[in-house]
Amino acid sequence: MINKERAKEIIDRFREKKVLVIGDLILDRYLWGEVERISPEAPVPVVEVKEETVNPGGASNVAWNISALGASVYMAGVIGDDESGKRLKELMEERNINPITVIDENRPTTEKTRVIAVNQQLLRIDRESRENLSTEISRMLIQEVEKSLKDVDAVIVSDYGKGVINERIMEVLKKSGKPVFVDPKPSNFHLYKGVTTMTPNRKEAYECVKMGRTAPVEDVGRRIMEELRIDTLLITLGAEGMALFQGNNAPSRIPARARKVYDVTGAGDTVIAVLTLARISGATWEEAASLANYAAGYVVGEIGTATVEPDTLYKLISGEYM
């Protein structure tokens, strides 16, 4: 759906763009190890940890994807008054992300610890709060967001359902006049009415409109568009690729590009990052979705949160990537 000359033209414009990401900040921690025996205490594998890594996760992984693609990015969110929050802020700065963080002393920084062995994830441990932000913290965050809105070309809402995205914040974003791209949480579906587009995966799409899994994805997409009053929708379908809905046209099917699938962690973050950047860089919706599809196919072949750089994205499209 996109040739290499057109792809290069669009990708080259990424460096001129500025994007604001707002959402739930997460510290992704990985424990990498080996399994050689079963515990005598319980029928579970014993993982001998060889290495530990930390990366920006959740909404900050979206921001990392934007930065890796060469654009300027601001990351607005909430962290706790703890070591994880400090480390996450440091990680963002190291990756050329401009953090706009509000510290909430009454909640921990969300942290996900994944145990990886034998090239697969064995266990995930979460530390988090799902409580909505207090009125005061929300007000402080909105104040910071409003300062950045005038300088950006688009806004990405990365909603992981940890309490940051609420009605007040969404109203500010929608009234800004900037394109608003949403990676949704079905429980907050009612907040997204009137946004530019949304990028749910199959499970999220069906949950958003409470339709049974036997319903055709075309019907699900139409229902979402009607209820949100939006003209464009991209549903990611895993091994089946993507379905792009535009207006009253039949949805376009985009085949999956993954050569191998080791870890789908963060694939949705990559999709919305590339889709947004491509669209504000002059791509049609079909071209933007195609670029996002190539990028997602690359990151699911990596274990853990991963990003794609402009040169790699171009090589994927031109067939030069080995």
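Since this is a predicted model, take the numbers as computed values, not measurements. (Residues numbered from 1 in each chain as written. Predicted model: local features only at pLDDT ≥ 70, side-chain atom pairs only at ≥ 80, totals over all residues. Heavy atoms only, no water.)

Caption draft 1: Representation of the environment of Ser72 in the model. Among the structural elements, Ser72 can be located in strand S4 (residues 72–80). The sequence separation of Ser72 and Lys18 amounts to 54 residues, and the corresponding C-alpha distance is 4.6 Å. Leaving out residues up to four positions away in the same chain, Ser72 has contacts with Lys17, Lys18, Val19 and Ile66. (Helix = DSSP H or I, 4+ residues; strand = E, 2+ residues; numbered from the N terminus. Contact = heavy atoms within 4.5 Å.)

Caption draft 2: Structural detail: the packing of aromatic side chains. For the coordinates displayed, the defined rule picks out 2 aromatic pairs. Ring geometry for Tyr30 against Trp32: centres 5.6 Å apart, planes inclined by 25°, an arrangement best described as stacked. On the basis of relative accessibility, which here comes to 22%, the residue Trp32 falls in the partly exposed class. Geometrically, the ring pair formed by Phe181 and Trp285 is tilted, given 6.0 Å between the ring centres and 45° between the ring planes. (Phe/Tyr/Trp six-rings, centres within 6.5 Å; stacked < 30°, edge-to-face > 60°. Buried < 20%, exposed > 50% of the residue type's maximum accessible area, 1.4 Å probe, protein only.)

Caption draft 3: Highlighting the sheet that holds strand S6 (residues 110–117). Sheet architecture is open: 4 strands sit in the order S3-S2-S6-S7, paired in mixed fashion. Edge strands, defined here as strands with exactly one partner in the open sheet, are strand S3 (45–58) and strand S7 (120–127). Put simply, the sheet's adjacent strands are angled 20° from each other on average, direction ignored. Lying over the sheet, helix H3 (residues 83–94) contacts strand S2 (25–38), S3 and S6, oriented at roughly 100° with respect to S2. (Pairing = 2+ DSSP bridges. Axes fitted to C-alpha atoms, helices over the stretch in contact; angles between N-to-C directions.)

Caption draft 4: Summary view of the sheet that holds strand S10 (residues 197–198). Reading across the sheet, the 6 strands line up as S5-S4-S1-S8-S9-S10 and stay open at both edges, with parallel pairing between neighbours. Of all strands in the sheet, those with a lone pairing partner are strand S5 (98–104) and S10, marking the two edges. Two elements, S4 and S5, share 7 bridges in a ladder whose sense is parallel. Its bridge partner lying in S5, Tyr74 is registered against Asn98. The strands touched by helix H5 (residues 167–175) are strand S1 (18–23), strand S8 (154–158) and strand S9 (180–183); relative to S8, the strand with the most contacts, the crossing angle is about 160°.

Caption draft 5: Local environment of the nonpolar core. Judged by nonpolar contacts, the single largest core of 57 residues is most densely connected at Val21, Leu291 and Leu313. It is helix H9 (residues 285–299) that contributes the most residues to this core, 10 residues altogether. Setting aside residues up to four positions removed in sequence, Val21 forms contacts with Ala59, Val62, Ala63, Val73, Tyr74, Met75, Ala76, Ile156 and Ser158. Ile100, Leu133, Leu149 and Leu191 belong to the second largest nonpolar core, which has 46 residues in total. (Core = buried A, V, L, I, M, F, W, Y, C linked by side-chain atoms within 4.5 Å.)

Caption draft 6: The packing of helix H4 (residues 135–149) against H5, seen in detail. Two elements in contact, H4 and H5, have axes separated by 10 Å at closest approach and are oriented at 15°. On the basis of their axis angle, the class for H4 and H5 is roughly parallel. Considering only the axes of H4 and H5, their crossing is right-handed. Mapping the contact onto sequence places Thr135, Ser138, Leu141, Ile142, Val145, Glu146 and Leu149 in H4 and Arg168, Ile169, Val172 and Leu173 in H5. Each residue belonging to the contact of H4 with H5 can be placed in one class, and the counts come to 7 nonpolar, 2 polar and 2 charged. (Parallel < 35°, antiparallel > 145°, perpendicular 65-115°, else oblique. Left-handed = near helix turned anticlockwise from the far one by under 90°. Nonpolar A, V, L, I, M, F, W, Y, C, P; charged D, E, K, R; others polar.)

Caption draft 7: Examining a nonpolar patch on the surface more closely. Taken together, the side chains of Leu122, Leu123 and Ile125 define a hydrophobic patch exposed on the protein surface, amounting to about 240 Å² of accessible area. Given the relative accessible area of 47%, Leu123 is considered partly exposed. (Patch = residues over 30% accessible without salt bridge, like charges linked within 9 Å, V, L, I, M, F, W, Y side chains within 5 Å. Areas by Shrake-Rupley, 256 points an atom, 1.4 Å probe, with all protein chains shown as cover. Salt bridge = Lys/Arg side-chain N within 4 Å of Asp/Glu carboxyl O.)

Caption draft 8: Structural detail: helix H8 (residues 267–280). Compared with the 20 Å implied by 1.5 Å per residue over 14 residues, the 20 Å span of H8 between its first and last C-alpha is a close match. In terms of residue burial, H8 counts as a mostly covered element, since 12 of its 14 residues are buried. What H8 keeps buried is the set Ala267, Asp269, Thr270, Val271, Ile272, Ala273, Val274, Leu275, Thr276, Leu277, Ala278 and Ile280. Where H8 ends, the next residue or the one after it, Gly282, has phi of about 100°, a positive value. (Expected span 1.5 Å × (residues − 1).)

Geometric values such as these leave the question of function open.
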